[in-house]
6 protein chains.
Amino acid sequence: MPSNELGVVHTKVDRPDQQLVDRLSAFGVATVHEAMGRVGLMRPYIRPVYPTARLCGPAVTVLLQPGDNWMLHVAAEQVRDGDVLVAGCTTECEDGFFGDLLATSLRAQGCRGLVIDGGVRDVADLEQMDFPVFSRAINAKGTIKATLGSVNVPVVCANALVRPGDVVVADIDGVVVVPQERLAEVVEASETREANEEGKRAKFRAGVLGLDLYNMREPLAAAGLRYED
Amino acid sequence: MPSNELGVVHTKVDRPDQQLVDRLSAFGVATVHEAMGRVGLMRPYIRPVYPTARLCGPAVTVLLQPGDNWMLHVAAEQVRDGDVLVAGCTTECEDGFFGDLLATSLRAQGCRGLVIDGGVRDVADLEQMDFPVFSRAINAKGTIKATLGSVNVPVVCANALVRPGDVVVADIDGVVVVPQERLAEVVEASETREANEEGKRAKFRAGVLGLDLYNMREPLAAAGLRYED
Amino acid sequence: MPSNELGVVHTKVDRPDQQLVDRLSAFGVATVHEAMGRVGLMRPYIRPVYPTARLCGPAVTVLLQPGDNWMLHVAAEQVRDGDVLVAGCTTECEDGFFGDLLATSLRAQGCRGLVIDGGVRDVADLEQMDFPVFSRAINAKGTIKATLGSVNVPVVCANALVRPGDVVVADIDGVVVVPQERLAEVVEASETREANEEGKRAKFRAGVLGLDLYNMREPLAAAGLRYED
Amino acid sequence: MPSNELGVVHTKVDRPDQQLVDRLSAFGVATVHEAMGRVGLMRPYIRPVYPTARLCGPAVTVLLQPGDNWMLHVAAEQVRDGDVLVAGCTTECEDGFFGDLLATSLRAQGCRGLVIDGGVRDVADLEQMDFPVFSRAINAKGTIKATLGSVNVPVVCANALVRPGDVVVADIDGVVVVPQERLAEVVEASETREANEEGKRAKFRAGVLGLDLYNMREPLAAAGLRYED
Amino acid sequence: MPSNELGVVHTKVDRPDQQLVDRLSAFGVATVHEAMGRVGLMRPYIRPVYPTARLCGPAVTVLLQPGDNWMLHVAAEQVRDGDVLVAGCTTECEDGFFGDLLATSLRAQGCRGLVIDGGVRDVADLEQMDFPVFSRAINAKGTIKATLGSVNVPVVCANALVRPGDVVVADIDGVVVVPQERLAEVVEASETREANEEGKRAKFRAGVLGLDLYNMREPLAAAGLRYED
Amino acid sequence: MPSNELGVVHTKVDRPDQQLVDRLSAFGVATVHEAMGRVGLMRPYIRPVYPTARLCGPAVTVLLQPGDNWMLHVAAEQVRDGDVLVAGCTTECEDGFFGDLLATSLRAQGCRGLVIDGGVRDVADLEQMDFPVFSRAINAKGTIKATLGSVNVPVVCANALVRPGDVVVADIDGVVVVPQERLAEVVEASETREANEEGKRAKFRAGVLGLDLYNMREPLAAAGLRYED
């Protein structure tokens, strides 16, 4: 399944274990990204269109042509309950590929939300529906339906590779992609990290400094840090 | 009335029929922009300074010099009840041309809001007053009063041509300009479109796909789209 | 105390009079910036991570290396009750230097908030804690702890010079820096300006035009402004 | 002739006096812009694709759809000897609308060059042909031919209004648009300004300061400027 | 070979047929991108550091950490004669990862050039050496050597997926990536396209219009284009 | 001498030893920046207006108001032979503050060049004169002369602090500021570094790898790097 193939719809997506997805959905993007070893993050120009938007689910992917949302309609048929639609584009384009009608359609198919390296519109409606969308722009400019892209090929979205069935987590901190084969490992690492952070949070709240909690004083001195009045 | 004329105030604006403006105000920017045939949209860098800001009304226009808001005071006198002030600038400038005092003054003249290809400040006050402002930046830097611009000449604002009396519609999706001579036609097209969309929305909600609603399957196949397992 | 010195922590900060800081905290950034004579404003790319964030307090400064937050932990120990942490960086970097753990630690030390010429994460937590942060980006990408910067040296943050003990005021309009030696003067000028503005606001509300309130008609005519039907 | 009309080609352009165009072509953009009274400049993101590109001529205008260069072929037929093609776009798009084949075709029709609020490609060929192009981007991404725009309607290009027959001057300093009805006046003002500048240049070269040449010392003192050791 | 793996060097790269690479090197990026079916293009923010830079060769890939060029030294050992080094980064970073010393080293290993989603320095030296570099920034800021990335894993560079052994073509129009399995096909399509274009170029030069050469008049009329005086 | 003071001209600048400046002028920005310990670099958005521009000399500083170049004329009188003019601005502004007349005047006073956090014009003339200018934009838009700034106060330019008499080095890699009190030290460190680099360059040319030259193999293994077929 080579990436960037045009004119094809792969109808079969190997989706990950739902229980793992549910466990992963407990965590924020920053935690998951750390648990991944700090890879898989989309570029930070992708932003939620309303501040409380968040989502977690396996990706159905779509490769769009600039200013053309034909493939979003094709993709809508491939979405299963709990999926997240992830849309890359063959070039930079901030037109409004997506609005409340497509959101209504995707929701009817069980879709959890959209991540798109392009623009969207009807943002007030999207917020009212609480249909989470993460995009590079808000733009009322509509799109045409003239050129084929693809569905369920690997796509690059905001500089991150996303393959169908990879798990996407998005919130106000950004968007991270968990390769399906790493899902179990990342869930566990996220749980460990979160547990670990809770303990640290309590200590910080009590006034312990990171300098002591992380034993930084010695390496700082070794690196040459000096204190002056 | 050539554009870009400096040092002149046109005191007579041919305003559109108020009933048409009222009817237009029922629609969002995305709908109006479609009804226009997809022209007249400002560039998407113009954003509301608070998320619920929206406005609709005939334009009083002002051409500003960079870092100089003298002409906004001149324009305030030309505003009539229901007008929207639209400010272009002879060059890119993100200084804060506008704040709560001018908003108070404009509101006292009946002004519905401001669209400005520049910066504004006192944004918390603007939100509290619910005085809708759409700008390219938020910036505390004030401006001087030293150089003449013009009022009620055609201006280009965020790449859209705006003539006095054209109708401006703005919401979270952007800003669109309806030429006065097209107003009746655009109101009708907006109403038709909205009615039409309501029917589609119901079908999408019921699970009908855009592929079927828009009869896309045949043209997609004709374009060569193939489905694979 | 030269700027840009690396590898040093100055433990003694000459903090300003707390009563003056308290009086200054009554004013917004736009007012303070005007009272300063329109200098000392950070570039407007620094934005609050949630809309109601605001802060006022003396600066503890930190110079960071890109993608490295080691010095934020060192700085945490230097913070006293009421301080604001201001972080510059030796190069442009939008990584997430700061999150909820460091916010918890800083708050435990009495810190009022953070201004950082870089990225931050855990933004939903920061808003829930109401820990005000002003940054150039939101980014889940974490940082390492490998290279020395400095604490309490003069730093340049978003093009503004900030020395330890200077007072920083930040709200939705931006961030302004008041040199400690000008604090008393700026507090008084802010109070005068605010009182003055209240009177103007009432007049504007009553429909008086800026043209008359500021006696602009004569200079406008002198500059050649002409009115046409 | 309203702007933003779609689907129409106006075949008749009222071109300006060629002798005036020839006289104007002696001046750089900065001079012409000053002679215009500092209006009519495109936004500075439009840049020459090679440093020595420059052009001057009456505009044939074209309104493009994003990612679609169909109308450039339509426009090619409307170009007359000495014309400059000016292309606006209904939305921001940096795709490569134009390359060496179209340049060859335009040159064969006598076209002097292109100003486009979009991307172009084959830049090495364009330089070799010395076909001057001013664009917002260089981009190998090609375009489709699917949607109608218009030819010889008023267009907004990089925030400047351009009507067919207006004169466009472009060089490394930017692009300025001279409305046809102001051409004679602007030519004369440019000639006066240039003559005037030559005298100043000689004085500056001889060491005379602008302070004295422009009699600034008194107004500076009046404004409060003080000199300190 | 999953992408985004950290801490690993794959020493075996399956390189493409050299004769095919040589044939491909005859074509510019715009031609190759068309021959690819308009996929595989890097974002246009990647620019040559001097205008005549161009390169073609199989990729050795490297995944960098922000502000850290340790892995470029590791990669230098993996380069074989004719290779192109392609460097992605786990986050946006415009620091100067690369300069004349590394260029000297890479050239000694036979490397044809560098494509990097980051900054470079010593640009005057790079031009003098004629060592082609395509980067997102020019920046004198050096980097540290503290954190592992990887060599010869699939990387995303400027939004394009690059696997070791894929062929990279870069010139002033941009950078395109040819998947190794498509190389033969793309070479042939490029040769066909170029031959085809030569014929068109001659016709355009002779004054034939694209309207006629591409038989556009009928579809334009069908789409509703109308001509007016 | 506080920074950001408005309305004052300091006529006395403590200039550095000319011999040290001459020695420093032998080095490029990347070398000097490393010799500084990687501080003092301006943001990389400041670019030479022609590729071969380079300069080195003590700074005469000027603080400009946006769109106002009055102070450049005031500064011209304060320039001594060999000085570099460095202009900061109280806000972001890309107007053309500077052109060939001011360049002629500055050259007549012995000025070596200009670094400006704003726009410039007459770029073709500047290149022909070989008057090196480093700016954030090229823009034909002229400026007015209405508001006081200052001359020879500390200014922040592109995020770097520059005090009168500090030494500025600029070339195609960027702009770096050497505090006067560190000049001797930085000259020596630059000379040492350059000598050192020459030896390395020879070894790299001979095919020695950085892995061996810098003894990286052991620390890389310790960090966990693994090689795989």
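Residues numbered from 1 in each chain as written. Chains lettered and ligands numbered in written order. Predicted model: local features only at pLDDT ≥ 70, side-chain atom pairs only at ≥ 80, totals over all residues. Heavy atoms only, no water.

## What to know about the overall build of chain A
Cut-off, in case you're wondering: In this description a helix means any DSSP run of H or I spanning at least four residues, a strand means any run of E spanning at least two, and both kinds are numbered starting from the N terminus. Classification of residues uses two cut-offs on accessible area relative to the type maximum, computed with a 1.4 Å probe and protein chains only: under 20% is buried, over 50% is exposed, and between them is partly exposed. Any pair of residues with heavy atoms lying within 4.5 Å of one another is described as a contacting pair. Calculation of accessible area relied on Shrake-Rupley with a 1.4 Å probe; when residues are assessed, cover is drawn exclusively from the protein chains displayed. Neither His nor the chain ends is counted toward charge; the positive residues are Lys and Arg and the negative residues Asp and Glu. To locate a charge, the coordinates of NZ of Lys, CZ of Arg, CG of Asp or CD of Glu are taken.
Helices and strands together make up the secondary structure of chain A, namely 8 helices and 12 strands. Based on the C-alpha atoms only, the size of chain A along its principal axes is roughly 70 × 40 × 35 Å. Across the 229 residues of chain A, 66% fall into the buried class. Intrachain contacts of chain A at a sequence separation of at least 6 include 76% that bridge at least 24 residues. Of the roughly 7,500 Å² of accessible surface on chain A, 47% is carried by carbon and sulfur atoms. Looking at charge distribution, chain A has the averaged site of its 23 positive side-chain charges lying 2 Å from that of its 32 negative ones.

## Thoughts on the interface of chain B and chain A
Size of an interface, as often reported, equals the accessible area lost when the parts are brought together. The following threshold applies: By buried area we mean the combined loss of accessible area, with a 1.4 Å probe, across both parts when two parts are placed together. By convention in these notes, a salt bridge is any Lys or Arg side-chain nitrogen within 4 Å of a carboxyl oxygen on Asp or Glu. Definition of a polar contact: a pair of N or O atoms within 3.5 Å, with one able to donate and the other able to accept a hydrogen when the atoms are protein atoms, and with sequence-neighbouring residues admitted only if both atoms are side-chain atoms.
Every contact between the two is made by 33 residues of chain B and, on the other side, 35 residues of chain A. Here chain B packs against chain A, burying approximately 2,900 Å² in sum over the two surfaces, 61% of which is carbon and sulfur. When the buried area of chain B at its contact with chain A is split by residue, Arg38, Asp173 and Phe204 of chain B rank highest and sum to 19% of it. On inspection of chain B and its partner chain A, the count reaches 3 salt bridges. In this structure, the salt-bridge partner of Arg121 of chain A is Glu34 of chain B, at a minimum N-O distance of 2.9 Å. Joining chain B to chain A, the criterion identifies 13 residue pairs in polar contact (both at pLDDT 80 or more).

## Quick word on the pairing of strand β6 (residues 133–138) of chain F
Residues and elements named next belong to chain F. Convention followed: Here, strands pair whenever DSSP counts at least two bridges between them.
A large share of β6 lies buried, amounting to 6 of its 6 residues. Examined bridge by bridge, strand β5 (residues 113–120) and β6 share 5 bridges and lie parallel to one another. Within β6, the residue paired with Ile116 across the bridge is Ser135.

## Examining the side chain of Thr104 of chain D
Mapping Thr104 of chain D onto the fold places it in helix α4 (residues 100–108). What makes Thr104 of chain D buried here is its relative accessible area of 8%. Discounting residues that sit within four places of it in the chain, Thr104 of chain D has contacts with Met129 of chain D together with Arg201, Phe204 and Arg205 of chain E.

## A closer look at helix α6 (residues 183–205) of chain E
All names here are of chain E. Condition: What a helix is expected to span follows from its residue count: subtract one and scale by 1.5 Å.
The terminal C-alpha atoms of α6, which comprises 23 residues, lie 32 Å apart, in line with the 33 Å expected from a rise of 1.5 Å per residue. Leu183, Val186, Val187, Ser190, Glu197, Lys200, Arg201 and Phe204 are the residues of α6 that are buried. Once α6 ends, the next one or two residues include Gly207, with phi positive near 100°.

## Observations concerning the packing of helix α6 (residues 183–205) of chain A against helix α4 (residues 100–108) of chain C
The relative placement of two packed helices is expressed as an angle between their axes plus a distance between the axes. In plain terms, the rule: Every axis corresponds to a line fitted to the C-alpha atoms, with the helix fit spanning only the stretch in contact, and the corresponding angles, defined between N-to-C directions, vary from 0 to 180 degrees. Geometric relationships in this document are graded by angle, where less than 35 degrees denotes roughly parallel, more than 145 denotes roughly antiparallel, 65 to 115 denotes roughly perpendicular, and other angles denote oblique. The crossing is said to be left-handed when, going from far helix to near helix, the turn is anticlockwise and less than a right angle, and right-handed when the turn is clockwise.
At a minimum axis separation of 8 Å, α6 of chain A and α4 of chain C run at an interaxial angle of 20°. Between α6 of chain A and α4 of chain C, the angle is such that the two are roughly parallel. Relative to α4 of chain C, α6 of chain A is oriented so that their crossing is right-handed. In this structure, α6 of chain A uses Glu197, Lys200, Arg201, Phe204 and Arg205 of chain A to contact α4 of chain C, whose residues at the interface are Asp100, Leu101, Thr104, Ser105 and Ala108 of chain C.

## Examining the confidence of the model for chain A
Worth spelling out the cut-off: Think of pLDDT as the predictor's per-residue confidence, scored from 0 to 100.
Summing up the model confidence of chain A, the mean pLDDT is 96 and the portion of residues at 70 or higher is 98%. Confidence metrics for the complex model read pTM 0.97 and ipTM 0.95.

## Focus on the relation of the copies chain F and chain D
Rules: Least-squares superposition aligns the copies on the C-alpha atoms of those residues with pLDDT at or above 70 in both.
At an RMSD of 0.0 Å, chain F and chain D line up after a rotation of 120° and a shift of 0.0 Å along the axis. Put plainly, the chains are arranged around a three-fold axis. For chain F, the residue whose C-alpha comes nearest the rotation axis is Pro51 of chain F, separated from it by 6.1 Å.

## Remarks on the arrangement of the chains
No part of chain B reaches chain E; the closest C-alpha pair between them is 14 Å apart. Regarding chain A and chain F, which are not in contact, the minimum distance between any of their C-alpha atoms is 14 Å.

## Focus on the pattern of salt bridges
This structure, assessed with the given rule, holds 120 salt bridges over all chains. Between Arg163 of chain B and Asp166 of chain B there is a salt bridge, and its shortest N-O distance comes to 2.9 Å. Taking relative accessible area as the criterion, Asp166 of chain B reaches 2% and is therefore assigned buried. Of the charged contacts, one joins Arg193 of chain F and Glu197 of chain F as a salt bridge, the two residues approaching to 3.0 Å between their closest N and O atoms. Linking Arg193 of chain F with Glu197 of chain F, this pair stays in helix α6 (residues 183–205), spanning 4 residues, or about one helical turn. Given a relative accessible area of 24%, Arg193 of chain F falls into the partly exposed group.

## Some remarks on the environment of Pro51 of chain D
All names here are of chain D. In this structure, Pro51 sits in the loop between β2 (47–48) and β3 (55–64). On the accessibility criterion, Pro51 (54% relative accessible area) is exposed. For Pro51 and Asp171, which are 120 residues apart along the polypeptide, the C-alpha to C-alpha distance reads 8.3 Å.

## Structural notes on the side chain of Lys141 of chain F
Here Lys141 of chain F is to be found in the loop between β6 and β7 (150–151). Although buried, Lys141 of chain F forms no salt bridge, and the nearest oppositely charged side chain, Asp95 of chain F, lies 4.5 Å from it.

## Describing the packing of aromatic side chains
Put simply, the test is: Stacked, edge-to-face and tilted labels apply to pairs of Phe, Tyr and Trp rings (six-membered ring for Trp) whose centres lie within 6.5 Å, assigned for plane angles under 30 degrees, over 60, and everything in between, in that order. Two conditions define a charge sitting above a ring: the NZ of Lys or the CZ of Arg must be within 6 Å of the ring centre, and it must be within 35 degrees of the ring normal.
All chains considered together, the criterion is met by 12 aromatic pairs over all chains. Aromatic pair Phe98 of chain C and Phe131 of chain C: ring centres 6.0 Å apart, planes at 25°, arrangement stacked. Here Phe98 of chain C is found in the loop between β4 (84–89) and α4, whereas its partner Phe131 of chain C is found in the loop between α5 (123–129) and β6 (133–138), with 33 residues between them in sequence. A cation over an aromatic ring shows up here: Arg136 of chain A above the ring of Tyr45 of chain A, its NZ or CZ 4.4 Å from the ring centre.

## Some remarks on the interface of chain F and chain D
The criterion, for reference: The residue classification treats Ala, Val, Leu, Ile, Met, Phe, Trp, Tyr, Cys and Pro as nonpolar and Asp, Glu, Lys and Arg as charged. All others, Gly included, are polar.
Across the boundary between the two partners, chain F contributes 35 residues, which contact 33 residues of chain D. Interface area for chain F against chain D, summed over the two sides, is near 3,000 Å², with a carbon-plus-sulfur share of 61%. A per-residue breakdown of the area chain F buries against chain D is headed by Trp70, His73 and Leu101 of chain F, which together make up 19% of the total. Viewed at the interface, chain D and chain F are joined by 3 salt bridges. Our count for the chain F to chain D interface comes out at 13 residue pairs in polar contact (both at pLDDT 80 or more). Breaking the side of chain F that touches chain D down by element, the ones donating at least two residues are β1 (8–10), α3 (70–76), α4 (100–108) and α5 (123–129) of chain F. For the side of chain F that touches chain D, the residue count by class is 15 nonpolar, 12 polar and 8 charged. Both strand β12 (residues 226–228) of chain D and β1 of chain F contribute to a ladder of 3 bridges, which runs parallel. Within β1 of chain F, the residue paired with Glu228 of chain D across the bridge is His10 of chain F.

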